Structure formats: structure tokens, C-alpha cells
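Descriptive structure summary
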Amino acid sequence: VSLFQDETGYIWIGTSGGGVNRLNPATGKITRIVQNEKIIGDIVYLIAASSKKGKVLIGSNVGLAEMDIHNLQSKQIVFNEAAKNSAPVPVLSIYNKTDNELWVGTEGDGLYSYNLLTKKTRHYGIAEGLPNDVIYGILPDAKNNLWLSTNNGLSQLQVSSGKIKNFDESDG
């Protein structure tokens with residue numbers, strides 16, 4: 001389950017099997033938001049603020065989508081061109097670095113840096129030094145590094161150089 005409160009006060013609820021729901025705290029009414037299952041799946045891992053006012057980002061078992069909080073229209077964000085012609089890549093985590101740059105953590109396909117304007121993507125996976133291709137969380141630090149939680153420990157990505165340093169239980 002994922003919870004997020006938007007700028008209007010509504011509480012968004014991501015479920016495991018029931019898609020996206022929205023609670024109106026003033027009335028207590030919960031509304032299921034019915035969407036095309038190819039855009040937003042029935043298993044919602046996260047709901048987060050978009051850098052665009054009036055929008056939320058939704059990571060689900062079928063990828064990443066952006067939804068307008070007012071008219072409830074959604075669109076798929078294809079951060080991985082290869083995903084267009086293959087099975088969907090579940091999205092577990094997101095970090096909005098800037099208005100136009102998203103970092104996307106996936107279940108089984110590593111980490112992506114995606115520029116919303118240019119549509120350019122950079123992929124980080126096992127071949128680039130990650131210990132695993134499952135990225136549960138993305139957290140920035142003051143030195144412009146990203147810390148990633150994976151199935152095989154913690155990783156530090158130096159964004160400027162692309163270098164990855166991994167930490168596991170042997171590190172304490």
C-alpha cells in the first residue's frame with residue numbers, strides 16, 4: 001500500500017490488487033479511480049508528487065504514469081524505450097531531481113535517469129556496478145550522490161561520474 005496527500009488535501013491510496021483510490025478527508029468518501037490497466041496497473045507501489053503542479057506520479061506493476069489530480073486523466077511515461085516492445089517494467093521508486101529529470105527504480109531492470117524534455121535515458125544495472133536490479137528506494141545526499149536500497153544491500157551512485165559503490169552486511 002502507498003499513501004500520498006496531494007496539494008488539495010485528497011489522500012491517494014495505492015493498493016495491491018485494487019489500483020488507485022482517493023479519499024476525500026472532508027467527506028470520508030473513497031473513490032476507486034478506474035484507468036486503462038496498460039497505463040496504471042492494479043498493483044500500485046508508489047504515489048508521489050510530480051514536479052508539475054496538479055499532477056502525481058504513480059509507479060505500478062505496468063510502469064510509470066502521471067495523473068492530473070483534477071480531471072483524473074493519466075498518461076504513461078515511457079522512461080525505457082525497450083519497454084515499449086516488451087513486458088512492462090514495474091516501478092518501485094522515484095526521485096524528482098529537477099523539473100525535467102526523474103530517477104526511476106524498477107523491479108528487475110535497475111535504475112534509470114530519464115529527462116522528460118529530451119526523452120534521453122541512462123540505465124544503471126548489474127553491468128554498471130549495481131549489486132542487483134531491484135531498486136526499492138532512491139535518496140539524494142548533499143554531495144549530489146544517490147543512495148539506493150536494493151535486494152543485495154545499499155548502493156551509492158556518484159551522479160557526476162556514474163561510479164557505484166556497494167555496501168552489504170559485511171560493511172557493518
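Details of the structure are given in the entry above.
The rules behind these values
Residues numbered from 1 in each chain as written. Predicted model: local features only at pLDDT ≥ 70, side-chain atom pairs only at ≥ 80, totals over all residues. Heavy atoms only, no water. Pairing = 2+ DSSP bridges. Helix = DSSP H or I, 4+ residues; strand = E, 2+ residues; numbered from the N terminus. Axes fitted to C-alpha atoms, helices over the stretch in contact; angles between N-to-C directions. Salt bridge = Lys/Arg side-chain N within 4 Å of Asp/Glu carboxyl O. Buried < 20%, exposed > 50% of the residue type's maximum accessible area, 1.4 Å probe, protein only. Polar contact = N/O pair within 3.5 Å; in protein donor to acceptor, adjacent residues only side chain to side chain. Contact = heavy atoms within 4.5 Å. Core = buried A, V, L, I, M, F, W, Y, C linked by side-chain atoms within 4.5 Å. Phe/Tyr/Trp six-rings, centres within 6.5 Å; stacked < 30°, edge-to-face > 60°. Lys NZ or Arg CZ within 6 Å of the ring centre and 35° of its normal.

If you walk across this open sheet you meet the four strands as β9-β10-β11-β12, and the pairing is antiparallel. Whereas interior strands pair on both sides, the edge strands pair on one side only; in this sheet they are β9 (91–96) and β12 (121–124). Averaged over all adjacent pairs, the angle separating strand axes in this sheet is 20°, with direction ignored. Here five bridges tie strand β10 (residues 101–106) to strand β11 (residues 111–115), and the two strands are oriented antiparallel to one another. When the sheet's bridge partners are listed, G105 is paired in β11 with L111.

A full pass over the atoms with the stated rule returns three salt bridges. For K53, the salt bridge goes to E7, with nearest N and O atoms at 3.5 Å. In this pair, K53 is assigned in the loop between β5 (44–49) and β6 (55–60) and E7 in the loop between β1 (2–5) and β2 (11–14), connecting sequence segments 46 residues apart. By relative accessible area, which is 73% here, K53 ends up exposed. What makes E7 partly exposed here is its relative accessible area of 47%. Across the pair D68 and K55 runs a salt bridge whose closest N-O atoms are separated by 3.6 Å. Of the two residues, D68 is situated in strand β7 (residues 63–68) and K55 in strand β6; the sequence distance between them amounts to 13 residues.

Attention shifts here to the side chain of S155. Residue position: S155 is located in strand β15 (residues 153–158). For S155, a relative accessible area of 0% puts it in the buried group. A distance of 2.6 Å separates the side chain of S155 from the side chain of N166, its partner in a polar contact. Excluding its chain neighbours within four sequence positions, the residues that come into contact with S155 are L130, P131, L146, W147, L148, T150, I164, K165 and N166.

Core analysis: the largest hydrophobic core is formed by 14 residues, its most contacted members being L64, I77, F79, V91, I94, L102 and V104. If you list the elements that add at least two residues to this core, you get β5, β9, β10 and β11. In terms of nonpolar packing, the next biggest core, distinct from the first, is built from 13 residues, V44, V56, I58 and I69 among them.

Turning our attention to the packing of aromatic side chains. Counted by the stated rule, this structure contains three aromatic pairs. Of note, R22 hangs over the ring of Y10, and the distance from its end group to the ring centre comes to 4.0 Å.

A separate point is the sheet that holds strand β14 (residues 145–150). Here four strands make up an open sheet; going across it, the order is β13-β14-β15-β16 and the pairing antiparallel. Looking along the sheet, the strands with just one partner apiece sit at the ends: β13 (135–140) and β16 (163–167). Strand-to-strand, the axes of this sheet are offset by a mean angle of 20°, without reference to chain direction. In this structure, β13 lies alongside β14, joined through five bridges in antiparallel fashion. Opposite I135, over in β14, you have T150 as the bridge partner.

This is a description of form; function is not addressed.
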